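As a plain string of letters, each chain reads:
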Amino acid sequence: MMRTRPLKVALLGCGVVGSEVARIMTTHADDLTARIGAPVELAGIAVRRPDKVRAGVPAELVTTDATALVKRGDIDVVIEVIGGIEPARSLITTAFEHGASVVSANKALVAADGAALHAAAEANGADLYYEAAVAGAIPLVRPLRESLAGDKVNRVLGIVNGTTNFILDKMDSTGSGYSEALDEATALGYAEADPTADVEGFDAAAKAAILAGIAFHTRVTIDDVHREGLTEVTAADIASAKRMGCTVKLLAICERAADGGSVTARVHPAMIPLTHPLASVREAYNAVFVEADAAGQLMFYGPGAGGSPTASAVLGDLVAVCRNKLAGATGPGESAYTALPVSPMGEVVTRYHISLDVADKPGVLAQVATVFAEHGVSIDTVRQQGKDGEASLVVVTHRAADAALSSTVGALRELDTVRGVASIMRVEGE
Ligand SMILES: NC(=O)C1=CN([C@@H]2O[C@H](COP(=O)(O)OP(=O)(O)OC[C@H]3O[C@@H](n4cnc5c(N)ncnc54)[C@H](O)[C@@H]3O)[C@@H](O)[C@H]2O)C=CC1
Ligand SMILES: N[C@@H](CC=O)C(=O)O
Ligand code: NA
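To start, this report covers the structure provided alongside it. Computed from a predicted structure; not experimentally measured. (Residues numbered from 1 in each chain as written. Chains lettered and ligands numbered in written order. Predicted model: local features only at pLDDT ≥ 70, side-chain atom pairs only at ≥ 80, totals over all residues. Heavy atoms only, no water.)

### Description of the sheet that holds strand β4 (residues 77–80)
Ordered in space as β3-β2-β1-β4-β5-β6, the 6 strands form an open sheet in which the pairing is parallel. Looking at strand neighbours, the two that pair on one side only are β3 (62–63) and β6 (128–129), the edges of this open sheet. Inspection of the sheet shows strand β1 (residues 7–12) paired to β4 by 4 bridges, in the parallel sense. When the sheet's bridge partners are listed, Leu11 is paired in β4 with Ile79. Against the sheet, helix α4 (residues 88–97) touches β1, β4, β5 (101–104) and β6, its axis set at about 150 degrees to β5. (Pairing = 2+ DSSP bridges. Helix = DSSP H or I, 4+ residues; strand = E, 2+ residues; numbered from the N terminus. Contact = heavy atoms within 4.5 Å. Axes fitted to C-alpha atoms, helices over the stretch in contact; angles between N-to-C directions.)

Dropping the structure here:
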């Protein structure tokens with residue numbers, strides 16, 4: 001039976017995502033009501049700049065006092081789309097204390113402090129949902145938490161940052177410069193308020209932490225995630241990848257160790273073969289593979305950033321928590337019962353593409369090969385190009401531990417015949 005008293009929603013933040021949430025709540029009000037079983041009313045919108053003109057946003061709902069809004073006592077659901085750690089964390093905690101459930105898109109906060117937030121939600125009989133925090137519109141948090149709850153997930157691998165994928169795609173396909181591509185991603189609403197979070201891999205690392213935690217039923221924070229951003233990728237790396245029939249993508253990879261006793265989580269640029277499905281992920285799209293014991297390999301694909309796609313995920317969560325409220329229930333909370341340790345990057349095993357500048361004289365190749373052998377790193381292919389007494393040597397390895405590869409590179413740098421290590425990139429997806 002339809003309830004006539006509306007569920008009241010407070011929206012915190014009315015930027016790229018918040019303005020789309022407000023728009024869809026208004027334009028789809030009747031459908032939302034029918035799906036939830038009660039009307040939902042936008043009861044207040046906290047903003048930082050009240051004078052800004054916001055089309056379709058009723059002026060009488062706007063306030064600059066977010067704290068007073070979440071403390072009102074009549075708010076059923078708080079939607080937090082401010083971003084950052086504070087004041088978002090305090091506002092969410094206060095919302096729980098005042099009886100509201102929370103929907104958030106804030107991966108930075110969930111990856112830093114998810115356990116405490118889940119505990120605060122549980123202590124107050126409230127929900128904390130954040131589908132929008134990982135891979136925008138793509139349903140990924142809920143499938144991992146609910147649909148795959150009966151399976152054992154061993155690996156989550158994919159592209160989870162739209163901005164960096166957009167930049168790499170533009171650089172690769174149109175020859176666009178890095179700054180130009182970043183400016184375009186920012187103008188389209190894909191980048192974080194501080195785009196350093198995107199290009200240095202913090203945003204993807206936050207998402208990797210959230211994914212690993214949910215997938216492996218353990219606690220992983222952003223500090224546990226090995227992170228390398230895009231800023232180290234050179235045009236030479238991209239050209240080298242092309243020569244190998246590969247492309248460069250910023251990947252997030254979360255793995256359960258073969259013995260099941262630990263997990264790893266990492267974010268870094270990697271070469272992947274052009275034949276791999278991830279190679280054809282364009283613009284700000286994201287794609288994530290999930291490998292589970294019984295299910296096998298699943299692929300999730302779709303828009304990973306942007307106001308409207310992200311608002312879709314927020315609205316999906318809004319419907320879910322409203323339904324829970326009406327049922328007098330809460331959805332699944334944190335499930336971190338395995339308490340698995342997160343192993344350091346040195347224990348990760350993968351393949352590597354190493355580009356060396358060497359002297360072009362007899363015996364260099366043998367010297368380099370010896371260093372690899374001495375560190376237990378097996379070589380798959382070597383390509384040498386020489387010119388005017390100098391040569392470039394491109395070595396692709398078989399699978400080796402990251403620590404072994406680091407020691408190999410350290411020893412290579414000591415060789416007189418090695419003038420420099422031009423690039424080191426991991427090779428994934430083979
Ligand atoms: N833009 C995107 O594609 C996606 C964004 N997200 C997340 O959604 C959240 C919001 O992102 P955007 O909308 O892109 O950012 P934005 O910067 O466009 O919007 C945030 C808004 O919050 C306002 N704000 C800041 N402090 C405030 C306060 N104390 N009280 C009231 N308003 C305040 C700002 O003035 C701004 O308008 C972030 O957590 C972001 O990581 C998640 C997925 C995709
Ligand atoms: N800045 C993020 C937004 C969505 O999470 C991205 O580019 O992916
Ligand atoms: Na999502």
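### So, the site of ligand 1
Around ligand 1, the structure places 21 residues, and the nearest of them are Val16, Val17, Lys107, Glu192 and Gly306. At a separation of 2.9 Å, an oxygen atom of ligand 1 approaches a polar backbone atom of Val17. Within the side chain of Glu192, an N or O atom sits 2.7 Å from an oxygen atom of ligand 1. In the complex, the protein chains occlude 87% of the 830 Å² of accessible area that ligand 1 would expose alone. Across the shell around ligand 1, the residue classes break down as 11 nonpolar, 7 polar and 3 charged. (Near = heavy atom within 4 Å. Polar contact = N/O pair within 3.5 Å; in protein donor to acceptor, adjacent residues only side chain to side chain. Areas by Shrake-Rupley, 256 points an atom, 1.4 Å probe, with all protein chains shown as cover. Nonpolar A, V, L, I, M, F, W, Y, C, P; charged D, E, K, R; others polar.)

### Regarding the pairing of strand β2 (residues 40–46)
For β2, a buried count of 6 out of 7 residues is recorded, marking the element as mostly surrounded by other parts of the structure. In terms of strand pairing, β1 meets β2 through 6 bridges, oriented parallel. Counted as the bridge partner of Leu11 is Ile45 from β2. (Buried < 20%, exposed > 50% of the residue type's maximum accessible area, 1.4 Å probe, protein only.)

### Remarks on the coordination of the sodium ion (ligand 3)
Looking at the sodium ion (ligand 3), the protein donor atoms are Glu131 (O), Glu131 (OE), Val134 (O), Gly136 (O) and Ile138 (O), and they sit 2.4 to 2.6 Å from it. Coordination of the sodium ion (ligand 3) draws on donor residues from a single chain, spaced E-x2-V-x1-G-x1-I in sequence. By relative accessible area, which is 3% here, Ile138 ends up buried. (Donors = N, O, S within 2.8 Å, 3.2 Å for Na, K, Ca; no water.)

### A word on the packing of helix α2 (residues 29–36) against helix α12 (residues 307–327)
Running from N to C, α2 and α12 cross one another at 40 degrees; their axes reach a closest spacing of 9 Å. Considering the angle they form, α2 stands oblique to α12. Here α2 runs over α12; the crossing is right-handed. Of the residues in α12, those touching α2 at Leu32, Arg35 and Ile36 are Leu315, Val319, Cys322, Arg323 and Leu326. Residue composition of the contact of α2 with α12, by class: 6 nonpolar, no polar and 2 charged. (Parallel < 35°, antiparallel > 145°, perpendicular 65-115°, else oblique. Left-handed = near helix turned anticlockwise from the far one by under 90°.)

### Here we look at unusual backbone geometry
Here the bond from Glu86 into Pro87 is cis, since omega is 10 degrees, no more than 30 degrees from zero. Examined against the element boundaries, Pro87 turns out to sit in the loop between β4 and α4. For Ala135, which is not glycine, the phi torsion reads 60 degrees and is therefore positive. Mapped onto the fold, Ala135 is located in the loop between β6 and α6 (141–147).

### With respect to the site of ligand 2
Surveying the vicinity of ligand 2 reveals the residues Lys107, Asn161, Gly162, Thr163, Tyr190, Ala191, Glu192, Asp198, Asp203, Lys207, Gly304 and Ala305. Here an oxygen atom of ligand 2 sits 2.5 Å away from a polar atom, N or O, in the side chain of Lys107. Within the backbone of Tyr190, an N or O atom sits 2.7 Å from a nitrogen atom of ligand 2. Protein burial of ligand 2: of its 250 Å² of free accessible surface, 94% is covered by the chains. Sorting the residues of the shell around ligand 2 by element identifies α7 (162–173) and α10 (202–216) as the ones contributing at least two each.

### Some thoughts on a nonpolar patch on the surface
Residues Tyr285, Met299 and Tyr301 make up a contiguous nonpolar surface patch of roughly 290 Å² in combined accessible area. Positionally, Tyr285 belongs in strand β11 (residues 285–292). The class for Tyr285 is partly exposed, based on a relative accessible area of 32%. (Patch = residues over 30% accessible without salt bridge, like charges linked within 9 Å, V, L, I, M, F, W, Y side chains within 5 Å. Salt bridge = Lys/Arg side-chain N within 4 Å of Asp/Glu carboxyl O.)

### So, helix α11 (residues 235–243)
For α11, every residue scored as buried is listed here: Asp237, Ile238, Ser240 and Ala241. Buried residues of α11 fall within an arc of 160 degrees about the axis and therefore sit on the same side. For α11, the exposed residues set more than 90 degrees away from the buried face come down to Ala235, Ala236 and Arg243. Taken together, the buried residues of α11 touch α7, β9 (246–256), β10 (263–273), β13 (349–359) and β17 (418–427). (Arc of directions from axis to C-beta.)

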